[in-house]
Amino acid sequence: MLKENYEEVQKKITEACKRAGRNREEVTLIAVSKTKPVEMLSEIYDLGERNFGENKVQELTEKEEVLPKDIHWHMIGHLQRNKVKYIAGKVALIHSVDSLRLAKTISEEAVKHNCEIPILIEVNVAGEESKFGVSVEETLPLIEEIAKLPAIHVEGLMTIAPYVEDPEENRPVFRKLKELSVDIAAKNINNVRMAILSMGMTGDYEVAVEEGATLVRVGTGIFGERDYSKR
Ligand SMILES: *Cc1c(COP(=O)(O)O)cnc(C)c1O
């Protein structure tokens, strides 16, 4: 079942790229494996997947320890400052930076661990109260401050779009994030790149690809529904 799901998602990404006139190589699928056992991750790994996304520090580090070292681990969940030290040097990308305080801690830990940490700024495009992320207006000022910190690099933007029945409803959200990234890129800020747009989940990743996503984060579409009752 995992193989069929995985291949279906890959196929849909390819088709969305075609519709949008984009190269398939511009889009990377992140398999969001939170709550799923390492056996399932291994199965997807064996199909060629090398990017996995987790939203809890402990779960990420436990899986990182036992799975092959060529996996790129993506921290996609809200990150507490006191936990940054556990993932410094282990994550390929932190998607969920939404404050200068958190960015400072990441910078300090990167210096301590003698590594560079690439990050994305999480933007709450739709302004949902229940969501983390900075507002569209706060994004540029935050990036200008983070750009001054050592060993941390802004690589782009991330958003979690609202839960909707019809993915078309999220098209304006994805378009807005893309516009924002183009505007920020035009500022040519030292130490800041806008090469990555992390947007789109199981319900809406095809629309996100059409609107310019370079990373899509798909969990349920690959691994099936999550069961939180056992944890
Ligand atoms: C869980 C999660 C996903 C994947 O969600 P699905 O709807 O299962 O694809 C993507 N992004 C973030 C930030 C998540 O927490």
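Along each chain, numbering runs from 1 in the same order as the chain's sequence is written. For this predicted model, a pLDDT threshold of at least 70 governs which residues receive local features, and a threshold of 80 or more governs which side-chain atom pairs are given and counted, while totals over whole chains, interfaces and linings are taken from all residues. Here the side-chain values reflect all heavy atoms present in the structure, with hydrogen atoms and water set aside.

An unreviewed UniProt entry annotates the protein chain as Pyridoxal phosphate homeostasis protein originating from Fusicatenibacter saccharivorans. The annotation that UniProt attaches to the protein chain under Function (unreviewed entry) is "Pyridoxal 5'-phosphate (PLP)-binding protein, which is involved in PLP homeostasis." In UniProt, the protein chain has this text filed under Cofactor (unreviewed entry): "pyridoxal 5'-phosphate". UniProt positions are given in the numbering used here, feature names are shortened, and annotations may be inferred rather than shown by experiment.

(A) Molecular detail of helix 6 (residues 136-146). Relative accessible area decides the class of each residue, using a 1.4 Å probe on protein chains only: under 20% of the type maximum gives buried, over 50% gives exposed, and in between gives partly exposed. Only DSSP runs of H or I covering at least 4 residues are called helices, and only runs of E covering at least 2 are called strands; the numbering of each starts at the N terminus. Buried residues of helix 6: Val136, Thr139, Leu142, Ile143 and Ile146, and no others. The arc that holds the buried residues of helix 6, viewed along the axis, is 100°, so those residues lie on one side. The contact criterion used is simple: two residues touch if any of their non-hydrogen atoms lie within 4.5 Å. Buried residues along helix 6 sit against strand 4 (93-97), helix 5 (100-112), strand 5 (117-122), strand 6 (152-158), helix 7 (171-185) and strand 7 (192-198). As used here, the arc belongs to the directions running from the helix axis to the C-beta atoms.

(B) Looking closely at the pattern of salt bridges. Salt bridge, as used here: a side-chain nitrogen of Lys or Arg that lies within 4 Å of a carboxyl oxygen of Asp or Glu. Tallying each qualifying case throughout the model produces 18 salt bridges. Where arginine 19 meets glutamate 206, a salt bridge forms, and the shortest distance between an N and an O atom there is 4.0 Å. On the criterion of sequence distance, the pair formed by arginine 19 in helix 1 (residues 2-20) and glutamate 206 in helix 8 (residues 205-210) is long-range, its members being 187 residues apart.

(C) Representation of the UniProt feature "modified residue: N6-(pyridoxal phosphate)lysine" (unreviewed entry) in the protein chain. Here the UniProt-annotated "modified residue: N6-(pyridoxal phosphate)lysine" (unreviewed entry) positions come out as Lys34. Judged by its relative accessible area of 15%, lysine 34 is buried. Among residues more than four places away in sequence, those in contact with lysine 34 are Gly53, Glu54, Asn55, Glu59, Lys63, Arg226 and Tyr228.

(D) How the structure looks around the UniProt feature "domain: Alanine racemase N-terminal" (unreviewed entry) in the protein chain. Here the UniProt-annotated "domain: Alanine racemase N-terminal" (unreviewed entry) positions come out as residues 18-226. When the span residues 18-226 is considered, its composition is 36% helix and 20% strand, and the gap between its end C-alpha atoms is 31 Å.

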